[in-house]
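# Coordinates in review
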Amino acid sequence: MYEPGFVQQNIDYFAIISELYICRLNIPFYKILVMRKCIIIFIASCFCLGAKAQQYEYVQQGEFGITAGAAHYFGDLNTRAGVNRPKPALGLFFRKQFGNYIGLRVAAHYAQVGYTDVYSKNEYQKTRNLSFNTNIWELALQGDFNFFKFLPNTPNYLFTPYVTLGVGLFSYDPYAYLKGKKEFLRPLGTEGQLVNYKGRKEYGTMAVCIPFGVGIKYNLSEKLNISFEITQRFTNTDYLDDVSTTYAFPADDIFPAGPNGQPSVAYLLQDRSYEIVGKPAQLSLVEGRQRGNAKQKDQYAIAEIGISFNISSYKCPTSR
């Protein structure tokens, strides 16, 4: 590391020596001035190039990377925050650094989530016997804050924990299996949405999420970092699992049988208690019986490991 004034002192020294040597050659004065400027510029350039390797002049402009991990759902089917049905999640991101502590990230994720009442310890939920799966495609803008100064390839600043907060959009489309066949639930209106039961409208396939999480990051080399992050997504939908309010009543009228007298797919999936009690669906026979909890929105979380590549530059040190 060069001390303040070191570069200037050495430039002056070499310039004086060069001038004495040039004078001995009886070179015209105007040529001496031109040569002196050239010598000073050359020497200063050499010192700046040498300073490029100094670690304190390394500037991390940003990073881009990939992530892989597991996603989990929390909502009307998983009311006790059980973490017993993780599903795969993949991601891509680009982070722009504003100094060594603050970054702005654009991230895209694909995740699968799902759950079933089979895992519940509550007898009512076991009898309810609902289940779902969905694919999630998410795009989010997040702000990251490092607790420690993070400067790749600098021994004292290779590690930091951080927090992240942002806003995003995601798509979802829940489905379940009936007799081994995949059935999408939204078009069925399992809570009476298709007939506007009690003013219920068909929900969309897009929703807003608020990612909030924590992570740790470690620098492996000048170009490479590794990270681990857990981020919870708070959403504005209660239909990630297709379960929200009460059973539609009377179910026989709202979900009429087909031409052959067989129960419709919607009827069979809106109340699956018949698969547990061994007789026609029971829970939907009572008006106002709870199917889900509309007061709490659904959530999902992603835990992931990431590999990122630094985008960096160098700046010439300045005297102070």
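Throughout this description, residue numbers start from 1 for each chain and increase along the sequence as written. For this predicted model, a pLDDT threshold of at least 70 governs which residues receive local features, and a threshold of 80 or more governs which side-chain atom pairs are given and counted, while totals over whole chains, interfaces and linings are taken from all residues. In computing side-chain values, all of the structure's heavy atoms are included and hydrogens and water are not.

### Looking at the confidence of the model for the protein
For the protein, per-residue confidence averages 87 on the pLDDT scale, and residues scoring 70 or more make up 80% of the total. Values of pLDDT, which run from 0 to 100, indicate the predictor's confidence residue by residue. Residue contacts follow a heavy-atom distance rule, with two residues in contact if any of their heavy atoms lie within 4.5 Å. Scored below 50 in pLDDT, residues 50-55 makes 10 contacts in the model with residues more than four places away or belonging to other chains.

### A look at the packing of aromatic side chains
Here a ring pair, both rings aromatic, is described through the centre-centre distance and the interplanar angle of the planes. Stacked, tilted and edge-to-face pairs are distinguished by plane angle, under 30 degrees for stacked and over 60 for edge-to-face with tilted covering the rest, among Phe, Tyr and Trp rings (Trp via its six-membered ring) whose centres lie within 6.5 Å. All chains considered together, the criterion is met by 13 aromatic pairs. On the basis of an interplanar angle of 45 degrees and a centroid distance of 6.1 Å, the ring pair of Tyr-73 and Tyr-115 is categorised as tilted. With Tyr-73 in strand β1 (residues 58-74) and Tyr-115 in strand β3 (residues 102-116), the pair connects residues that are 42 residues apart, well separated along the chain. Looking at Tyr-73, the relative accessible area reads 0%, which means it is buried. A residue is classified by how much of its surface remains accessible, and Tyr-115, at 3% relative accessible area, is buried. Among the aromatic side chains, those forming a connected cluster through ring pairs are Phe-170, Tyr-172, Tyr-203, Tyr-239 and Tyr-300. Stacked on the ring of Tyr-157, the Lys or Arg Lys-149 has its end atom at 4.7 Å from the ring centre. For Lys-217, the ring lying beneath its charged end belongs to Phe-150, and the centroid distance is 4.5 Å. A run of H or I in DSSP counts as a helix once it spans at least four residues, and a run of E counts as a strand once it spans at least two, with each numbered from the N terminus. Exposure categories follow from relative accessible area, calculated using a 1.4 Å probe and restricted to protein chains: below 20% of the type maximum is buried, above 50% is exposed, and the middle band is partly exposed. To sit over a ring, a charge needs its Lys NZ or Arg CZ within 6 Å of the ring centre and within 35 degrees of the ring normal.

### Structural notes on the layout of surface pockets
Over the atoms rolls a probe the size of a water molecule, and its path tells where empty space is left. With a 1 Å grid laid over protein atoms only, a set of points is called a cavity when a 1.4 Å probe fits there but cannot get out and a pocket when it is open yet has protein on both sides within 12 Å along at least five of seven lines; lining residues have an atom within 4 Å of a point. Grid points are joined across faces, edges and corners, and a volume is the space filled by probe spheres set on the points. There is about 320 Å³ of room inside the second largest pocket. Lining the second largest pocket we find 20 residues, and of these Gly-75, Asp-76, Asn-78, Thr-79 and Gln-296 sit closest to its centre. The greatest single-element share of the lining of the second largest pocket, amounting to 3 residues, is contributed by helix α3 (residues 123-128).

### Digging into empty space enclosed by the protein
Tallied over the full model, the rule gives 3 cavities of 30 Å³ or more. Of the pockets and cavities examined, the largest cavity occupies roughly 90 Å³. Thr-67, Phe-93, Arg-105, Glu-229 and Glu-304 are, among the 15 residues lining the largest cavity, the residues nearest its centre. No other element matches strand β2 (residues 87-98), which puts 4 residues into the lining of the largest cavity. Residues were grouped as follows: Ala, Val, Leu, Ile, Met, Phe, Trp, Tyr, Cys and Pro as nonpolar; Asp, Glu, Lys and Arg as charged; and all remaining residues, including Gly, as polar. Here the residues of the lining of the largest cavity sort into 6 nonpolar, 5 polar and 4 charged.

### Some thoughts on the side chain of Ser-308
For Ser-308, the position within the fold is in strand β10 (residues 299-314). In terms of polar contacts, Ser-308 uses its side chain to reach the side chain of Glu-63, at 2.5 Å. Those residues in contact with Ser-308 that lie beyond four places of it in its chain are Glu-63, Phe-64, Gly-65, Phe-93, Lys-223, Leu-224 and Asn-225. Any pair of N or O atoms that falls within 3.5 Å is considered a polar contact. Within protein, one atom must be able to donate a hydrogen and the other to accept it, and sequence-neighbouring residues count only if both atoms are side-chain atoms.

### Here's the deal with the pattern of salt bridges
Salt bridge, as applied in this entry: a Lys or Arg side-chain nitrogen positioned within 4 Å of an Asp or Glu carboxyl oxygen. Across all of its chains, the model carries 11 salt bridges by this definition. Glu-229 is the partner of Arg-105 in a salt bridge, and the nearest nitrogen-oxygen pair spans 3.0 Å. Taken as a pair, Arg-105 in strand β3 and Glu-229 in strand β9 (residues 224-235) lie far apart in primary sequence, 124 residues in all. Among the ionic pairs, Glu-138 bridges to Arg-233, the shortest N-O distance being 3.0 Å. Pair noted here: Glu-138 is in strand β4 (residues 131-146) and Arg-233 is in strand β9, with a separation of 95 residues, a long-range link. Residues joined by salt bridges that share partners form a network here, namely Glu-63, Arg-95, Arg-105, Asp-144, Lys-217 and Glu-229.

### Some thoughts on unusual backbone geometry
Of the consecutive residues Phe-249 and Pro-250, the connecting peptide bond is found in the cis state with omega at -5 degrees. As for its placement among the helices and strands, Pro-250 is situated in the loop between β9 and α4 (251-254). For Asn-196, which is not a glycine, the phi torsion comes out positive at approximately 60 degrees. With respect to the helices and strands, the residue Asn-196 is situated in the loop between β7 (181-184) and β8 (206-219). Residues other than glycine seldom take positive phi values, yet Lys-198 does so here, at roughly 55 degrees. Its location among the elements puts Lys-198 in the loop between β7 and β8.

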